[in-house]
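Residues per chain are reported as follows:
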Number of protein chains: 2
Amino acid sequence: MTRKINAAIVGFGNIGRYVLNALEAAPDFSIAGIVRREKREIPGVNYPIVTDIDQLEAVDVAILCVPSRQTQAYAAEYLKKGIHTVDSFDIHSDIAAVRNELDKIAKAHNRSAIISAGWDPGSDSVIRALLLAAAPKGVTYTNFGPGMSMGHSTAVKAIPGVKDALSVTIPIGTGQHRRMVYIEVEEGHDFNHVKSTILNDDYFKHDDTVITQVDDIDQLKDAGHGVKITRKGVSGTTDNQIFEFDMRINNPALTAQILVSSARAATRQQPGAYTMIEIPMIDLLPGDRDELIAALV
Amino acid sequence: MTRKINAAIVGFGNIGRYVLNALEAAPDFSIAGIVRREKREIPGVNYPIVTDIDQLEAVDVAILCVPSRQTQAYAAEYLKKGIHTVDSFDIHSDIAAVRNELDKIAKAHNRSAIISAGWDPGSDSVIRALLLAAAPKGVTYTNFGPGMSMGHSTAVKAIPGVKDALSVTIPIGTGQHRRMVYIEVEEGHDFNHVKSTILNDDYFKHDDTVITQVDDIDQLKDAGHGVKITRKGVSGTTDNQIFEFDMRINNPALTAQILVSSARAATRQQPGAYTMIEIPMIDLLPGDRDELIAALV
């Protein structure tokens, strides 16, 4: 094996911590360090902690564990520095545009970016593309949950009178979801008033939403999540081809692992920006290609 | 859209017929014709039928629907003629070697070959690679069936005293299988003797095999098949990540559809030979890349 891939972790929230675990478990990565807004010690972490990636040495790839709205700016900056990037940008409607913007920068600087590399978007996208190729006519349903929705939880927390909140996504079939919303109400606010504000919020008014008041949100938190993707379609002219992909996973752990596997793939692509459906699966994996083909194909 | 991809179907057995259906259903293919050993009319088929691919005009890609042991020779010959190839070569132990041989020829002639493009090897291989990237530690089980096994049926038919036979693969979990073998016994042969010959055959002696005598094999034939791939593994340092892929499909229809999707991908690769885990999923699909990314990622 050649020298290890030297990775920087950018952002050290929930995902960043799991990325550190996945990098330590990988046979072909070294850890250059962690980039944070503040140069603060992290208990139990013995890698350089810096506020600027330039303070780390010989970084091959930056794994962006910052909020989705910030990944594009970080990726652009790092690509210009000659560093490959990978992120789990998850604003579905903007992915194609972000990819095209980063593609120009990546090509101009002879580096690669893999964007939207998590589980949805990410591994689920690969499944959807494969199933479309296997049965071009038909319908694919992506059913999320049960599991916490970070986006919906944040939306609830922003509503006046909500002290803390958790929105759990429950699949009710054919890509439809129920939102089970748990809230702690701030003193001086009325639960029923807060409840009706949530039910009329854009994030919730189109879904089957159930709101429950609780004393302690923290007691409900569980990082487990899941997805069931189904497709029933037509291969050629043959109907009733039935496919189902089902997973039950720890959400941040899977996101982090796919980020790390994609960081490996980023170092193996021609210059440009890619989503996961645009890269070969073998590039996600460590080890000898012939052995991988023998083991997996 | 630019001009359509002009495809030749090579071999017109069961898979070849389904490939014709899939090509007709595809928006971006034209059919150059069918290559067979004998120039025989096929009822209902109005494409040129030839015995040599040189008799067809401007073929971009040849879809090889010949037995597995013949695909390599056909692919080598056609690549040298400047024609991309795709096959569903399914002798797992030889795939890496065949790929490497064809890779040299493809590169020398500036064309691409996609090999082992069916469902296993093929789409199942993509799932296995993706799940390994998602949870690098753990065990994947591929459970086949219930469905007819062509290879095992052929093996039984070769045994003296067997007039016709069908071997059905039944999944019994953790990648183990029962073989339900149905045979018509030739006149003058003893069922129990034939049965013990089968049970001692290399193809069957390691499996749980049940042999039943029937009057008419044809009454049992059903092209349905299935697979369940499971993986329970570790993402980073987080255990108990659980994945399951399940499909119930018409076997030749799915093989043919994946051949056709892969024929499209063959025209989009850099020169070389590839298995499905070495190509991006988006290349299997017709249509605008930005629209595909918006729809699938």
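Residues numbered from 1 in each chain as written. Chains lettered and ligands numbered in written order. Predicted model: local features only at pLDDT ≥ 70, side-chain atom pairs only at ≥ 80, totals over all residues. Heavy atoms only, no water.

Asker: I'd love a proper account of the overall build of chain A, names of residues and values included.
Answerer: Regarding its fold elements, chain A presents eight helices and 14 strands. The C-alpha radius of gyration computed for chain A amounts to 21 Å, which stays within 12% of the reference 19 Å derived for 297 residues, consistent with globular compactness. The C-alpha extent of chain A, read off along each of the three principal axes, is 60 × 60 × 35 Å. Across the 297 residues of chain A, 56% fall into the buried class. Expressed as a percentage of contacts within chain A between residues at least 6 apart in sequence, the contacts between residues at least 24 apart total 63%. Accessible surface for chain A amounts to roughly 12800 Å². Of this, 47% is attributable to carbon and sulfur atoms. Counting 30 positive and 37 negative side-chain charges, chain A places the centres of these two groups 4 Å from one another. (Helix = DSSP H or I, 4+ residues; strand = E, 2+ residues; numbered from the N terminus. Rg over C-alpha atoms; globule rule 2.2 N^0.38 Å. Buried < 20%, exposed > 50% of the residue type's maximum accessible area, 1.4 Å probe, protein only. Contact = heavy atoms within 4.5 Å. Areas by Shrake-Rupley, 256 points an atom, 1.4 Å probe, with all protein chains shown as cover. Lys, Arg positive; Asp, Glu negative; His and termini not counted. Charge placed at Lys NZ, Arg CZ, Asp CG, Glu CD.)

Asker: Now, about the UniProt feature "binding site: NADP(+)" (unreviewed entry) in chain A: what can you tell me, with residues and values included?
Answerer: Residue and element names in this part refer to chain A. Within the UniProt annotation, "binding site: NADP(+)" (unreviewed entry) is assigned to Cys 65, Val 66, Pro 67, Ser 68, Ser 88, Phe 89, Asp 90, Ala 117, Gly 118, Trp 119, Asp 120 and Pro 121. With respect to the element layout, Ser 68 can be found in helix H2 (residues 68-80). Using a relative accessible area of 17% as the deciding quantity, one classes Ser 68 as buried. Those residues within four positions of Ser 68 in sequence are excluded, and the remaining contacts are Ser 88, Phe 89, Asp 90 and Ile 91. Inspection of the secondary structure assignment puts Gly 118 in the loop between strand S6 (112-114) and helix H4 (123-134). Dropping the residues within four chain positions of it, Gly 118 is found in contact with Ser 88, Ser 123, Thr 255, Ile 258 and Met 276. (UniProt positions renumbered as here; feature names shortened; annotations may be inferred.)

Asker: Lay out the sheet that holds strand S11 (residues 208-213) of chain A in plain terms, naming residues and giving numbers.
Answerer: Residue and element names in this part refer to chain A. With respect to topology, four strands assemble into an open sheet ordered S8-S9-S10-S11, the strand pairing being mixed. Where the open sheet ends on each side, the last strands, each with one partner, are strand S8 (147-148) and S11. Pairing analysis gives six bridges linking strand S10 (residues 177-185) to S11, with the strands arranged parallel. Its bridge partner being in S11, Arg 178 is matched across the sheet by Asp 208. In the packing of helix H6 (residues 191-199) onto the sheet, the strands contacted are strand S9 (162-171), S10 and S11, and the crossing angle to S11 comes to about 155 degrees. (Pairing = 2+ DSSP bridges. Axes fitted to C-alpha atoms, helices over the stretch in contact; angles between N-to-C directions.)

Asker: So what's going on with the relation of the copies chain A and chain B? Residues and values would help.
Answerer: Each copy superposes on the other: chain A lies on chain B with an RMSD of 0.1 Å after a rotation of 180 degrees and an axial shift of 0.0 Å. Given the turn and translation reported, the copies of this chain are related as if by a two-fold rotation axis. Both copies present the same face, since 100% of the interface residues in chain A are matched by interface residues at the equivalent positions in chain B. (Least-squares fit on C-alpha atoms with pLDDT ≥ 70 in both.)

Asker: Give me the lowdown on helix H6 (residues 191-199) of chain B, citing residues and values where you can.
Answerer: Residue and element names in this part refer to chain B. Within H6, burial applies to Phe 191, Val 194 and Ile 198. Take H6 and look down its axis: the buried residues cluster within an arc of 70 degrees, on one side only. For H6, the exposed residues lying more than 90 degrees away from the buried face are Asn 192 and His 193. On its buried face, H6 is in contact with helix H5 (150-157), strand S9 (162-171), strand S10 (177-185) and strand S11 (208-213). (Arc of directions from axis to C-beta.)

Asker: How would you sum up the side chain of Thr169(B)? Please name residues and give values.
Answerer: Turning to its location among the elements, Thr169(B) is positioned in strand S9. For Thr169(B), the residues in contact, after removing those within four places along its chain, are Phe144(B), Gly145(B), Pro146(B), Gly147(B), Ser149(B), His177(B), Arg178(B) and Arg179(B).

Asker: Which residues make up the sheet that holds strand S3 (residues 49-50) of chain A, and what values do they have?
Answerer: All names here are of chain A. With parallel pairing, seven strands are arranged side by side in an open sheet as S3-S2-S1-S4-S5-S6-S14. The sheet is open, and its two borders are formed by S3 and strand S14 (272-274), each paired with just one other strand. Against the sheet, helix H1 (residues 14-25) contacts strand S1 (5-10), strand S2 (29-35) and strand S4 (61-64), and its axis sits at roughly 165 degrees relative to S1. Sitting on the sheet, helix H3 (residues 95-108) touches S6 and S14, and the angle it makes with S14 is about 145 degrees.

Asker: Can you explain the pattern of salt bridges? Please cite residues and give values.
Answerer: Between side chains of opposite charge, a pair can form when the charged atoms approach closely. All names here are of chain A. The tally for this structure, following the rule as stated, stands at 36 salt bridges over all chains. Among the salt bridges present, the one from Arg 3 reaches Asp 60, with a minimum N-O distance of 2.7 Å. With Arg 3 in the segment before S1 and Asp 60 in the loop between S3 and S4, this pair connects stretches of sequence that are 57 residues apart. What makes Arg 3 exposed here is its relative accessible area of 56%. (Salt bridge = Lys/Arg side-chain N within 4 Å of Asp/Glu carboxyl O.)

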